Amino acid sequence: MAYDTLDEFTEWCYNSYVEATRSDRYREATVYYLVLHQHLTLNLKARRLVSQRIKAKSLLKDIDNAGKAGKSYSLTYTGEKGVHEFKEMIAAYEKQLRELGYSEDNITELIIQKKLEG
């Protein structure tokens, strides 16, 4: 598995953590968390890697905050995988609204509201 940038590896570690947590594989999730933490500590220490370091710190903070709140299962993917999951969620929501018989105007308003929330 090759990565073009350090951001891709950071996203992969985080997304793997999220996937393992959602599947109740907590030992595996812990490994991904530790790999991400070591990646931040060892690989992203150069001055030129400020933006990658900030991103990795932010993702680790999200994991920590979700863990403290007991909501690790509610973390969402990041990067392309996150965008894809969000689009699928919006499409499913739109389909559900249509099945419930909402008007096109209401569907449009509710989808806009859902996009702003999430």
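The coordinates are above.
Below or above, wherever it landed, is the structure these notes cover. (Residues numbered from 1 in each chain as written. Predicted model: local features only at pLDDT ≥ 70, side-chain atom pairs only at ≥ 80, totals over all residues. Heavy atoms only, no water.)

**So, the packing of aromatic side chains**
For step 1, the next point in the chain: Scanning the entire structure with this criterion turns up three aromatic pairs.
For step 2, the next point in the chain: Residues Trp-12 and Tyr-32 carry aromatic rings whose centres are separated by 5.5 Å and whose planes lie at 90 degrees to one another, so their mutual orientation is edge-to-face. Note that Trp-12 is positioned in helix α1 (residues 6–22) and Tyr-32 in helix α2 (residues 26–43), a separation of 20 residues in sequence.
For step 3, the next point in the chain: When its relative accessible area of 29% is taken as the criterion, Trp-12 is described as partly exposed.
For step 4, the next point in the chain: Following the ring pairs from residue to residue traces out a cluster consisting of Phe-9, Trp-12 and Tyr-32. (Phe/Tyr/Trp six-rings, centres within 6.5 Å; stacked < 30°, edge-to-face > 60°. Helix = DSSP H or I, 4+ residues; strand = E, 2+ residues; numbered from the N terminus. Buried < 20%, exposed > 50% of the residue type's maximum accessible area, 1.4 Å probe, protein only.)

**Considerations on the nonpolar core**
For step 1, the next point in the chain: Core analysis: the largest hydrophobic core is formed by 18 residues, its most contacted members being Tyr-14, Tyr-17, Val-18, Leu-36, Ile-63 and Leu-75.
For step 2, the next point in the chain: Listed by contribution, the elements that provide at least two residues to this core are α1, α2 and α3 (50–69).
For step 3, the next point in the chain: Tyr-17 has contacts with Ala-29, Tyr-32, Tyr-33, Ile-63, Ser-72 and Leu-75, leaving out every residue within four places of it along the chain.
For step 4, the next point in the chain: Counting residues in each nonpolar core, the second largest holds five residues, with Ile-90, Tyr-93, Ile-107 and Ile-111 among its members. (Core = buried A, V, L, I, M, F, W, Y, C linked by side-chain atoms within 4.5 Å. Contact = heavy atoms within 4.5 Å.)

**Some details on the packing of α1 against α3**
The description of two packed helices rests on the angle between their axes and on the distance between the axes.
For step 1, the next point in the chain: Direction vectors running N to C along α1 and α3 enclose 5 degrees, while the axes themselves pass 10 Å from each other. With respect to each other, α1 and α3 are oriented roughly parallel. Together, Leu-6, Asp-7, Thr-10, Glu-11, Tyr-14 and Tyr-17 of α1 and Gln-52, Lys-55, Ala-56, Leu-59, Asp-62 and Ile-63 of α3 make up the contact between the two elements.
For step 2, the next point in the chain: Per-class residue counts for the contact of α1 with α3 are six nonpolar, two polar and four charged. (Axes fitted to C-alpha atoms, helices over the stretch in contact; angles between N-to-C directions. Parallel < 35°, antiparallel > 145°, perpendicular 65-115°, else oblique. Nonpolar A, V, L, I, M, F, W, Y, C, P; charged D, E, K, R; others polar.)

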